[in-house]
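# Structure at a glance
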Amino acid sequence: MKIAVRMDDIAPEMDWAKWERADRILREHHITPLLGVVPDNRDPNLIKDKESHSQEFFWDFLHKCRKEGYVLALHGCSHVYDTKKGGMFPLNSFSEFAGHPYEKQYERLAHGKEILEQHGIHTDIFMAPAHSYDCNTLKALHELGFHRMTDGFGRKPYVYQGMTFYPIAHHLEKQWNQEGYTTYVLHTNTMEEKDFERLERIVSGRDMISYRDYLQVEPAQAGIFHHLWEFGMAKAKHVIVQIRS
């Protein structure tokens, strides 16, 4: 299994020390990830470090990352969860988007896209906060010019409802001896020592690829049966996590 990396919750107030530590590990192995940018962060759980860097620094930092081969995605708008819906990929039971009417979702997505573009960042990749989205999300994304998403399960990218999905890992340690591609999801704000050790272990011993290369993989077509399997897998993982916690 070839493994790409995505880093969620990239915001001006993130825990910069943890992000830089994880990024340093990736750089040592010549891996450039996908960065999920929260354009208008209002989630108190993502406010870890308000003093280290200014807003101006943050946007300059993103441009620098992009020039170095990092890929940027729109990671919602405010990252505030205000529904209790899991949507089409129910890894969680809350969302910034799933469950809201089309008009509200479109407005939020348009606002997030506008903020990115005001700072010279253009992308057609969407990263759903909490992995939760529904048919209205996909419709609004398509109308706004987004054609790719980092989510779903599978062994290679696939096209579903007009959107190309780049799957994430559902159980990385069980998957990495299989054929195909997947994504290792990192939330650096909440990483602990054991998480950094796991990251080092994975990137040192596995077949890693940069996210830009992942985007070049030819996608397959996926139908309703794939979606039903994927939905069931996501729901089962959610239930298992709830039981364990």
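Preceding block: the structure.
Below you will find a few notes about this structure. This one's a predicted model, so the numbers in the text were calculated from it and none came from an experiment.

Turning next to the pattern of salt bridges. Inspection of the entire model under this criterion finds twelve salt bridges. Between E117 and K113 there is a salt bridge; the shortest N-O distance is 3.9 Å. Residue E117 and its partner K113 are both found in helix α3 (residues 102–118); the two are separated by four residues, about one turn of the helix. Among the salt bridges present, the one from D124 reaches R148, with a minimum N-O distance of 3.0 Å. Of this pair, D124 sits in the loop between α3 and β4 (125–126) while R148 sits in strand β5 (residues 148–149), and the two are 24 residues apart along the sequence. On the accessibility criterion, D124 (21% relative accessible area) is partly exposed. Under the relative-accessibility criterion, R148 is labelled partly exposed at 22%. What emerges from the salt-bridge pattern is a single network uniting D23, R27, K64 and E68.

With 13 residues, helix α6 (residues 193–205) extends 19 Å from end C-alpha to end C-alpha; this agrees with the ideal 18 Å at 1.5 Å per step. For α6, every residue scored as buried is listed here: F196, L199, I202 and V203. One side of α6 holds all its buried residues, which, seen down the axis, span an arc of 130°. When the buried face of α6 is taken as reference, the exposed residues oriented beyond 90 degrees from it are K194, R201 and G205. Residues of α6 that are buried make contact with α1 (16–28), α5 (172–175) and β8 (181–186).

Here we take up the packing of aromatic side chains. Taken as a whole and assessed by the stated rule, the structure comprises 18 aromatic pairs. Each ring, one from F57 and one from F61, has its centre 6.4 Å from the other, and the planes form 10°; the classification is stacked. Linking F57 with F61, this pair stays in helix α2 (residues 55–67), spanning four residues, or about one helical turn. Relative accessible area serves as the criterion here: at 35%, F57 is assigned to the partly exposed category. When its relative accessible area of 10% is taken as the criterion, F61 is described as buried. For the ring pair Y166 and Y214, a centre distance of 5.4 Å and an interplane angle of 75° mean the geometry is edge-to-face.

Criteria and thresholds
- Residues numbered from 1 in each chain as written.
- Predicted model: local features only at pLDDT ≥ 70, side-chain atom pairs only at ≥ 80, totals over all residues.
- Heavy atoms only, no water.
- Salt bridge = Lys/Arg side-chain N within 4 Å of Asp/Glu carboxyl O.
- Helix = DSSP H or I, 4+ residues; strand = E, 2+ residues; numbered from the N terminus.
- Buried < 20%, exposed > 50% of the residue type's maximum accessible area, 1.4 Å probe, protein only.
- Expected span 1.5 Å × (residues − 1).
- Arc of directions from axis to C-beta.
- Contact = heavy atoms within 4.5 Å.
- Phe/Tyr/Trp six-rings, centres within 6.5 Å; stacked < 30°, edge-to-face > 60°.

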